[in-house]
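The primary structure of each chain is shown beneath.
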Amino acid sequence: MKFLNAMFLLLIGLGVFSCNNKSVDVVHTPKETRTKYNFNLDWKFIKENPQDAQNKSFEDSSWSTISCPHTFNDVDTFDDYSLGHHDGEENQWRGTVWYRKHFKLPESDAGKKVFIEFESVRQIADVYINGVHLGQNQTGFIPFGFDLTSHLKFNEDNVIAVKVNNDRGDHFRDNFPLVWNHEHWHPTHGGIYRNVFLHVTDPLHITLPLYDNLETLGTYVYAENISAENAEVTINAEVQNEYAEAKNVTCESKIVNNEGKVVAVASVEKSMAAGEKFTFSATTNVSKPNRWYTRHPYMYSVETVLKVEGEAVDSYSTPLGIRSFEFNKDTGFSNNGEYAKLHGWGQKPTNAWAGLGAALPDWLRDHTFQLMDEAGGNFIRWGHCAGSPAEVAMGDKYGFVNLMPGVSGESEDEGETWDIRIKAFKDMIVYYRNHPSIMIWEGGNWAESEAHYQEILDVINTFDSNGKRLMGNRRADVKNDSEGYVSIEIGTEGWEREYPDLPLIESEYMREEAPRRVWDKHSPDDNFYSHPNIEKNTYKITSEQFAERQVHHWWDKMGRKAYHVGGANWIFSDGTHGGRGQTEVTRASGEVDAVRLPKEAFYALKAMWRPEPQIHIIGHWNYNEGTKKDIFVVSNTAGVKLYVNGKLIGVNKTPKSGYLYTFKNVEWEAGEIKAEGIIDNEVRVTQTKTTAGKPAALKLTPITGPKGWRADGSDIALIDIEVVDAEGRRCPLAKGRVDFTVDGPAIWRGGYNSGKENSTNNLYLDIEAGINRVSVRSLLKSGTVSITATKEGLPSVSIELTSNSVEIENGLTTELPQVFRDVLTEEPMPVYTPEIPEYIPGKTNKSKLFTKFSYTGDGKAMLRTNMHWGKKAYTDMEENYTVVPQYLRGSEYIRTPNSDNRYWARDQLQFIAGVKMHIYVLHDDTVKRPEFLLSDYKDSGDDITVGKVMMSIFHRVAEAGDSIIMAGNSDGDSPKNCRMYTVVGKKYSH
């Protein structure tokens, strides 16, 4: 008893007192103690660089009126054909612009603290308040903020001015220091393209998690010792007392469940000196917690309240997901002890949308997540910079494990570039560390030096010391320096793991491309195979082939491997970054197109990844008489029956790649085709596709956010335009021009055609595969907008949309950006999983020469030993080596896929020399010699014949530990029948 009394007196002496208690089933009704203004509305904008535009008195009445999110590149994107060679769209306006916003704060806010938060600006932002320069941010993707308090006038006009520059160097490697600000990675859409907020707080307040400029940490909440019975939750809250006198502060944290009831309370007391910054820490317990699963992403919130003399003066809400997780090198991923295969997408954080660019209202980002959720996704890798605050929160609520980077291109960086990157990494972790969906921090998109790895880990250990998250760098395998620093292997199209002692997750698989409008080779062509650029395309595949290949890539690379965590399909939505198809205005590797209309590949993945019984017949059922074709069905069941007009065509219980059921040479008949998915001889799911009749009408369908279309100057309404038959069924082969008229308070944004230049922002566009999608942007003026669509040979059709007013006073509104709420669902366990081959931990088939070997092409490469006469040269051709020079005999070699002969990637083939070795490259000289061959190798003067092709032999010597990186063979600019290079290695003996 004496000991307890002594401890109590000690706590009182220190000025800190903590008590924990639980309060179950108490409805939480928080008192409003701080104001968060939506600062997006009613800015002035000019696409020029006038002198003195930062000054409060500057005349801006002639400038355009816009609202954020905003980009000045929405009118010059998705309008040029892809350049091929993995180059993104470069023909966009770049330079310096200005934004200005006038606002008045009410007298009631006088004496309070006022902070501005930008969720990010591209690319370089200089921020001014009433003519005073506050600072600069040049990350382009990380939130940042400033303290405005000392510069503000109350009940008077204040002006925030932001100078924005999105310029960049011609080549991303020379774009110093911002190598990631380049269309090679992201479309360079400049502007205040994410949200802006004002936070008004008491001088005694919980700080914001904005480390850039403010260097404040906010809250840090984490759960430990998690079980079905209990979870221990710790809340750290950084508090600043900016009063001129000391304050006796109670910091109380309430854990509130998804139903709005308080389930636990913790409080701490302390006397804070004037000007003091202190981190309050308290721990409490949640009994029988609802844990966060990818299939049931249950979220709590932690409401932290500061009280002085019993009165609440400030509060802050922090997300909390109570979960444990493990990434295991032998058994993959488990969430709260439950096995889960991770499948999802890489996605660009710009999330560019045809007609809108990168400036999207949050609900449109939500719409994209809903589609990914519908398709069964539970994983997202942001490439190669951080996702937005809204999207990370969406990962929490939809159950998507996040692999989260800071900012990066694809290089190991030095000097100022590295300084910006590591600071941005710190800013990113501080801002996002409370989100349960983030389970892996990505240190970079390329391997680092040991010194850089140590800096990365120091940041994590300092600012996320209790997060238990893993860290990895994509392509860490290109350097031995990565050993001992990365805790998870982030692969790229890898067929074999490179780190036998680490768990493995894929960051970019299935990078092929196909537009939505091209059904199959039995359907009428729609400006694809007939396109004048078709021979320049790396990929010449249909939507049907693209969907098939999704199955093969997923199952063969990840799904069938018990040890494999899973991976990110590259990418979810078509964009203007790095396309290889010069028939398209996008990189068409998404499962949805650039206005989020699904391709057949979307439904193929859904049929594999959703846990409920699923089935999908790839394609349509509108063909010409006499057509016979293979029918492909994707299903997560154990067998499929196929019927045409009620007649059983066949039963297939032996799918390829786990999920793909093929029915050969099916004869088309008008009517319907039906597929039944079977488990244990029971029909569990059915899909029927019907022959549509002749086009009879146009159909318009609006899509708006959950609160309708808001007249805030930046909200978007979508309108789907379909061609339907007399029974209202979409006509899948319909195409041709549709013209629109618009009347009312709105800005027409239009849509696009994937295979046509200059198709955006027009009052017309073509139907593709029976449907297309357009958009209109609201003004600050509310009202009714009438839209009429006409197409030759069909009756015109009209629709009315009403934009609802948003209350704004003196440039401010408390109506926050809309997103979808109450989306929590609980999914079942997968109904059926194909048989997975037995995995024997520790069994490897590795070379002593080609260590950390990886191949990122579309086909499969493999290591082979003992090269000699009769050995197969390629993985996909029946051609053997015949006459082999004596010095190559007995060598190890890499059997590459010849199908990659016209494919290019910077890091297509990579390994680290395990010993000092000779490296020989066999190269077909009908192909232009790639740069890596000319710079690193010498022509030996010898040749070797592979089949009927003569190949030159190039040579170099590599020292043990050398990182060898070879780019692609070519990029579509070589003869069709050329040969892919092959690589031979032999231990150095002289």
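Each value, and the rule that gives it
Residues numbered from 1 in each chain as written. Predicted model: local features only at pLDDT ≥ 70, side-chain atom pairs only at ≥ 80, totals over all residues. Heavy atoms only, no water. Helix = DSSP H or I, 4+ residues; strand = E, 2+ residues; numbered from the N terminus. Buried < 20%, exposed > 50% of the residue type's maximum accessible area, 1.4 Å probe, protein only. Contact = heavy atoms within 4.5 Å. Pairing = 2+ DSSP bridges. Axes fitted to C-alpha atoms, helices over the stretch in contact; angles between N-to-C directions. pLDDT = per-residue confidence, 0-100. Phe/Tyr/Trp six-rings, centres within 6.5 Å; stacked < 30°, edge-to-face > 60°. Core = buried A, V, L, I, M, F, W, Y, C linked by side-chain atoms within 4.5 Å. Patch = residues over 30% accessible without salt bridge, like charges linked within 9 Å, V, L, I, M, F, W, Y side chains within 5 Å. Areas by Shrake-Rupley, 256 points an atom, 1.4 Å probe, with all protein chains shown as cover. Salt bridge = Lys/Arg side-chain N within 4 Å of Asp/Glu carboxyl O. Lys, Arg positive; Asp, Glu negative; His and termini not counted. Charge placed at Lys NZ, Arg CZ, Asp CG, Glu CD. Parallel < 35°, antiparallel > 145°, perpendicular 65-115°, else oblique. Left-handed = near helix turned anticlockwise from the far one by under 90°. Nonpolar A, V, L, I, M, F, W, Y, C, P; charged D, E, K, R; others polar.

Peer 1: Give me the lowdown on the environment of Ile255, citing residues and values where you can.
Peer 2: Along the polypeptide, Ile255 turns up in strand β16 (residues 247–256). Accessibility expressed as a relative area gives 0% for Ile255, which makes it buried. Remark: the alpha-carbon pair of Ile255 and Asn285, spanning 30 residues in sequence, is separated by 9.5 Å. Contact partners of Ile255, with chain neighbours within four places excluded, come to Val233, Lys261, Val262, Val263, Ala264, Thr284, Val286, Tyr300, Ser301, Val302 and Leu320.

Peer 1: So, the sheet that holds strand β26 (residues 342–347): which residues are in play, and what are the values?
Peer 2: Strand order across the open sheet formed by 8 strands is β30-β29-β28-β27-β26-β33-β32-β31, with parallel pairing between neighbours. Pairing within the sheet leaves two strands with one partner each, and these edge strands are β30 (470–473) and β31 (489–491). Between one strand axis and the next, the sheet turns through 25 degrees on average, direction left out of account. In terms of strand pairing, β31 meets strand β32 (residues 504–509) through 3 bridges, oriented parallel. What sits directly across from Glu489, in β32, is Leu504. Each of β28 (401–405) and β29 (438–444) is contacted by helix α4 (residues 415–432), which is oriented at about 170 degrees to β29, the strand it contacts most. Set on the sheet, helix α5 (residues 450–463) makes contact with β29 and β30; between it and β30 the angle comes to about 150 degrees.

Peer 1: Help me get a handle on the confidence of the model for the protein chain, residues and values and all.
Peer 2: Scored by pLDDT, the protein chain comes out at a mean of 93, with 96% of its residues at no less than 70. Predicted confidence for residues 1–19 stays below pLDDT 50, and this span has 15 contacts to residues more than four positions away or in other chains.

Peer 1: Describe the packing of aromatic side chains, naming the residues involved and giving the relevant values.
Peer 2: If you walk through the whole model with that rule in mind, you get 41 aromatic pairs. Seen from their ring centres, Phe39 and Phe103 are 5.0 Å apart, and the 85 degrees between their planes marks the pair as edge-to-face. Of this pair, Phe39 sits in the loop between β3 (35–38) and β4 (43–46) while Phe103 sits in strand β6 (residues 96–103), and the two are 64 residues apart along the sequence. Both rings, one in Trp345 and one in Trp609, keep their centres 5.3 Å apart while their planes meet at 65 degrees; by these two values the pair is edge-to-face.

Peer 1: Can you break down the nonpolar core residue by residue, with the values?
Peer 2: Core analysis: the largest hydrophobic core is formed by 114 residues, its most contacted members being Met404, Phe425, Met428, Trp441 and Val634. Here the element with the most residues in this core is α4; it accounts for 10 residues. Leaving out residues up to four positions away in the same chain, Phe425 has contacts with Gly406, Trp441, Glu442, Gly443, Ile456, Val459 and Ile460. Ala861, Val884, Ile953 and Ala958 belong to the second-largest nonpolar core, a separate cluster that totals 40 residues.

Peer 1: Tell me about a negative patch on the surface, and please be specific about residues and values.
Peer 2: A cluster of acidic residues, Glu416, Asp419, Glu455 and Asp458, forms a negative patch on the protein surface. At the level of elements, α4 and α5 are the ones that each hand at least two residues to the negative patch. Look at Asp458 and you get partly exposed, because its relative accessible area is 38%.

Peer 1: Describe unusual backbone geometry, naming the residues involved and giving the relevant values.
Peer 2: Omega for the peptide link from Arg122 to Gln123 comes to 0 degrees, which places this bond in the cis form. Residues Trp570 and Ile571 are joined by a peptide bond in cis, for which omega reads 5 degrees. Of note in the backbone geometry, Asn758 takes a positive phi value of approximately 55 degrees without being a glycine. Tracing the backbone through its elements, the reader meets Asn758 in the loop between β45 (746–750) and β46 (764–767).

Peer 1: An account of the pairing of β16 is requested, with residue identities and associated values reported.
Peer 2: For a regular strand, side chains alternate in direction, first toward one face of the sheet and then toward the other. Within β16, 7 of the 10 residues are buried, which leaves the element mostly enclosed by the surrounding structure. Pairing of β16 with strand β17 (residues 261–272) involves 10 bridges; the strand directions are antiparallel. From the neighbouring strand, Cys251 faces β17, where its bridge partner is Val268. Turn length for the β16-β17 hairpin, with the two strands adjacent in sequence and antiparallel, is 4 residues, and the turn residue Gly260 shows positive phi of about 85 degrees. Two elements, β16 and strand β21 (residues 300–308), share 8 bridges in a ladder whose sense is antiparallel. In the strand pairing of β21, Ile255 is matched with Val302.

Peer 1: Lay out the packing of α4 against α5 with the relevant residues and their values.
Peer 2: As a packed pair, α4 and α5 sit with axes 10 Å apart at the nearest point and diverge in direction by 25 degrees. If you check the angle between α4 and α5, you find them roughly parallel. In this structure, the crossing between α4 and α5 has a hand that is right-handed. Touching Trp418, Ile422, Phe425, Lys426, Ile429 and Val430 of α4 are His452, Glu455, Ile456, Val459, Ile460 and Phe463, all from α5. A class-by-class count of the residues in the contact of α4 with α5 yields 9 nonpolar, 1 polar and 2 charged.

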